Amino acid sequence: MKPLNIAVVVGSIRKDSYNRQFAQALVKLLPADVQAHFIRIDDLPLYNQDSDGAPPVPAVARLRDEVAAADGVLFVTAEYNRSIPGVLKNAIDQASRPWGQSKWAGKPAAVAGVSIGAIGTAVAQAHLRSVLGFLAMPELGQPEMYLTWKEGLVVDGEIGPASREHVQKFVDAFVGWVRQHVG
Ligand code: FNR
């Protein structure tokens, strides 16, 4: 089968982010012919529509190129105040412009997230799905992947045994979803 390139966008930029730890462990469950590429978002300037007519600064150009090169996009996001963190929305906005040149359009996507709360980013994910719908990104509906961070979820950089089957099902569904869309 054709090798796939998955862009992973983590909606938290803190050093010890649970979402990054989870995402790094999750990508180890991808099949050998699927490569994951973590997209950097912590050095992006705040999106300003005045910049649409000018050549993008290097960090924005890099983001747009990396999204354009992806066969699919996996968002793994924190929940801030019952929505997505501003850093993630900023990255989404940056790669969505100039108008008519969005790099997200048509990219199959899946959404996951980890929080310390009981509902494990469910509200942030609902908000993110609304944004992805507008961006014309086909979204994996099921299985959903809401997780509360707890000891044992990630063990020595791997998904812990209690959650592995659950996360593997999500990973397999996402890879199937991307393959359906890239042909
Ligand atoms: C949070 N946190 C949080 N958790 C949650 O389940 N729902 C929420 O709405 C919020 N809101 C929120 C706002 C802000 C500004 C912060 C800093 C935190 C807690 C959040 O789940 C926790 O900080 C996680 O550790 C964030 O994910 P990362 O950074 O570890 O990936």
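Residues numbered from 1 in each chain as written. Predicted model: local features only at pLDDT ≥ 70, side-chain atom pairs only at ≥ 80, totals over all residues. Heavy atoms only, no water.

Examining the packing of helix H2 (residues 58-69) against helix H3 (residues 86-96)
Helix-helix packing is described using two parameters, namely the angle between the two axes and the distance between the axes. Orientation of H2 relative to H3, taken along the N-to-C sense of each, is 80 degrees, at an axis distance of 9 Å. Taken together, H2 and H3 sit at an angle that is classed as roughly perpendicular. In contact with Val60, Leu63, Arg64 and Val67 of H2, H3 contributes Ala91, Gln94 and Ala95. Partitioned by chemical class, the residues of the contact of H2 with H3 number five nonpolar, one polar and one charged. (Axes fitted to C-alpha atoms, helices over the stretch in contact; angles between N-to-C directions. Helix = DSSP H or I, 4+ residues; strand = E, 2+ residues; numbered from the N terminus. Parallel < 35°, antiparallel > 145°, perpendicular 65-115°, else oblique. Contact = heavy atoms within 4.5 Å. Nonpolar A, V, L, I, M, F, W, Y, C, P; charged D, E, K, R; others polar.)

Side note on the nonpolar core
Counting 31 residues, the largest nonpolar core has Phe22, Leu26, Leu74, Val167, Phe170 and Val171 as the members making the most contacts within it. Within the residue set of this core, elements represented by two or more residues are strand S1 (4-11), helix H1 (18-26), strand S3 (72-77), strand S4 (109-115) and helix H5 (161-182). Here this core gets seven residues from one element, more than from any other, and that element is H5. Setting aside its immediate chain neighbours within four residues, Val171 contacts Leu26, Leu29 and Leu30. (Core = buried A, V, L, I, M, F, W, Y, C linked by side-chain atoms within 4.5 Å. Buried < 20%, exposed > 50% of the residue type's maximum accessible area, 1.4 Å probe, protein only.)

A look at the site of the ligand
The immediate surroundings of the ligand are formed by 13 residues, with Ser12, Ser17, Asn19, Glu79 and Arg82 found nearest. Take Asn19: an N or O atom from its side chain is 2.8 Å from an oxygen atom of the ligand. Asn81 places a main-chain nitrogen or oxygen 2.9 Å from a nitrogen atom of the ligand. Protein contacts shield 74% of the accessible area of the ligand, which totals 610 Å² for the unbound molecule. (Near = heavy atom within 4 Å. Polar contact = N/O pair within 3.5 Å; in protein donor to acceptor, adjacent residues only side chain to side chain. Areas by Shrake-Rupley, 256 points an atom, 1.4 Å probe, with all protein chains shown as cover.)

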